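Residue-level structural notes
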Amino acid sequence: MAEALNTISDLAKGLGFGEKSLHAIEKHVQDRSTSRMLAVLRAKADLSQKEMATKMGVSQSAVSKLENATNDCISFAEAGRYFAALGYEMTVHVSRPKTIVERIKGAYIHLTKLVEDFQGCRRNDPDILLGMAKFETEAAKNMINLASMLIDSSSSKLAQVEVLTEPRILVDDQELDYSSASREHALV
Amino acid sequence: MVWEIVKADIYPGNREKKFGKSYEGPLANTLANLATYQATLASGVKPEQAKRNLPFVHEEKQGLVAIDQRPPVKGVQLRLYLFPCEACAKIFVVALGDKSSQGDDIKFGHRFIKEHGHG
């Protein structure tokens, strides 16, 4: 029977190494996760090392060296140049670990900013205006689906706490009068 | 897309013990290259394109490829023979060998591909 292996380490385990050697091999493979990503992106762009070197304005051996370097030997500047040559932007995200609630709040702020940026792209061109309007309608539908998901979820939780005759909405810990809110925010 | 690594059912186990113990460094490089090859296929790149762009992958005909230990290019010429099966998204590890066993390893790989109905 063919033997399915979950990881490269599983393959190495069958090669007669001791624990110490196995650990060294696993570390060797893990330490090249960044350079591996570089090589994968280049192959995906269907570029040889030589073509990549021309794009970056460096020698082929410099590309090869970068694609075989350990994670601690690749600088942000080198990785940035490599990604830029492939048409990618590099964003370094540094933060303390966040709770899921903090991540959702952060995503909301980020999304609001993106929508504002998008609206700033408005031009007096019928095709652009039509395209933007279509996208905004689609985005609004997605937001309504998300809002509906949140309301259903919060309602079902509140229903476990007390029997409700209609959905209850909390905004900033204040209960919203659903019937009056519906009237106030009714679409005309 | 997930590409599973599978040790072929006719894999010569006695051979791997010999190479495993003798060539720890080159083998670590070869396995790191296998990880890159697997990640490349998983990103949606076809085996033909991966072979064209990854310098450590060698064409051995009939769908068989060999992954070497580079870098370094000189020294031990370790090779891991693979058959990437697109239909089943599996990378069959067929044999591990060096320059001295190259001819036999390639024949071995071609036989595996034929026996499994891919040839």
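Residues numbered from 1 in each chain as written. Chains lettered and ligands numbered in written order. Predicted model: local features only at pLDDT ≥ 70, side-chain atom pairs only at ≥ 80, totals over all residues. Heavy atoms only, no water.

**Quick word on the packing of helix H3 (residues 33–44) of chain A against helix H2 (residues 24–42) of chain B**
H2(B) packs onto H3(A) with a crossing angle of 45° between their chain directions and a minimal axis gap of 9 Å. The angle between H3(A) and H2(B) falls in the class oblique. In this structure, H3(A) meets H2(B) at a crossing whose hand is right-handed. Here H3(A) contributes A:Arg36, A:Ala39, A:Val40 and A:Ala43 to the contact with H2(B), which in turn contributes B:Ala32, B:Ala35, B:Thr36, B:Ala39 and B:Thr40. (Axes fitted to C-alpha atoms, helices over the stretch in contact; angles between N-to-C directions. Helix = DSSP H or I, 4+ residues; strand = E, 2+ residues; numbered from the N terminus. Parallel < 35°, antiparallel > 145°, perpendicular 65-115°, else oblique. Left-handed = near helix turned anticlockwise from the far one by under 90°. Contact = heavy atoms within 4.5 Å.)

**Focus: the interface of chain B and chain A**
Taken together, the contact between chain B and chain A spans 35 residues of the former and 29 residues of the latter. The junction of chain B with chain A conceals about 2700 Å² of combined surface from both sides, 64% of it contributed by carbon and sulfur atoms. Ranking the residues of chain B by area buried against chain A places B:Lys7, B:Leu31 and B:Asn53 at the top, with a combined share of 21%. One can count 1 salt bridge joining chain B with chain A. The salt bridge involving B:Arg52 is made with A:Asp46; its shortest N-O contact spans 2.9 Å. (Buried area = accessible area lost by both parts, 1.4 Å probe. Salt bridge = Lys/Arg side-chain N within 4 Å of Asp/Glu carboxyl O.)

**Quick look at the packing of aromatic side chains**
In the structure shown here, the tally under the stated rule is 3 aromatic pairs over all chains. Measuring from centroid to centroid gives 4.9 Å for A:Phe118 and A:Phe135, while their planes differ by 55°, and the two rings are tilted. Residue A:Phe118 is located in helix H7 (residues 100–119), and its partner A:Phe135 is located in helix H8 (residues 126–161); the two are separated by 17 residues in the primary sequence. Assessed through its relative accessible area of 44%, A:Phe135 is described here as partly exposed. Judged by centre distance (6.4 Å) and plane angle (20°), the ring pair of B:Phe83 and B:Phe92 falls under stacked. Comparing B:Phe83 with B:Phe92, the two get one shared label, buried. Members of the aromatic cluster, connected to one another through ring pairs, are B:Phe83, B:Phe92 and B:Phe112. (Phe/Tyr/Trp six-rings, centres within 6.5 Å; stacked < 30°, edge-to-face > 60°. Buried < 20%, exposed > 50% of the residue type's maximum accessible area, 1.4 Å probe, protein only.)

**Here's the deal with unusual backbone geometry**
If you check the backbone angles, A:Asp46 has positive phi at about 60° while not being a glycine. Residue class for A:Asp46 comes out partly exposed when judged on its relative accessible area of 32%. Phi is positive for B:Lys61, close to 70°, though the residue is something other than glycine. Within the fold, B:Lys61 resides in the loop between strand S2 (57–59) and strand S3 (65–68). Since its relative accessible area comes to 59%, B:Lys61 is described here as exposed.

**Focus: the pattern of salt bridges**
Counted by the stated rule, this structure contains 10 salt bridges over all chains. In this structure, A:Asp117 engages A:Lys113 in a salt bridge whose closest nitrogen and oxygen atoms are separated by 2.9 Å. Of this pair, A:Asp117 and A:Lys113 are both found in helix H7, 4 residues apart, which corresponds to roughly one turn of the helix. The exposure class of A:Asp117 is partly exposed, given its relative accessible area of 37%. The shortest N-O distance in the salt bridge between B:Glu59 and B:Lys51 comes to 2.3 Å. Among the ionic contacts, a cluster of salt bridges with common partners joins B:Glu48, B:Lys51 and B:Glu59.

**With respect to helix H2 (residues 19–30) of chain A**
Taking 1.5 Å per residue, 12 residues should reach 16 Å; H2(A) reaches 16 Å between its end C-alpha atoms and fits that length. Of the residues making up H2(A), those classed as buried are A:Ser21, A:Leu22, A:Ile25, A:His28 and A:Val29. Down the axis, H2(A) shows its buried residues gathered within 120° of arc, on one side only. Counted as exposed and oriented over 90 degrees from the buried face of H2(A): A:Glu19, A:Lys20, A:His23 and A:Gln30. Residues of H2(A) that are buried make contact with helix H1 (8–13) and H3 of chain A together with H2 of chain B. (Expected span 1.5 Å × (residues − 1). Arc of directions from axis to C-beta.)

**Focus: the confidence of the model for chain A**
Here chain A averages 86 in pLDDT, and 85% of its residues register 70 or above. Between the elements of chain A, mean pLDDT differs from a low of 56, seen in helix H9 (residues 178–184) of chain A, to a high of 97, seen in helix H4 (residues 49–56) of chain A. (pLDDT = per-residue confidence, 0-100.)

**Focus on the pairing of S3(B)**
Residues and elements named next belong to chain B. Residues of S3 alternate between two faces, with Val-65 and Ile-67 on one and Ala-66 and Asp-68 on the opposite face, all of them buried. In the sheet, S2 pairs with S3 via 3 bridges, with the strands oriented antiparallel. Within S3, the residue paired with Glu-59 across the bridge is Val-65. Counted along the chain from S2 to the antiparallel partner S3, the turn is 5 residues long, and its residue Lys-61 has a positive phi close to 70°. For S3 and strand S4 (residues 79–85), the ladder comprises 4 bridges, and the chain directions are antiparallel. Looking at the pairing, Asp-68 lines up with Arg-79 of S4. (Pairing = 2+ DSSP bridges.)

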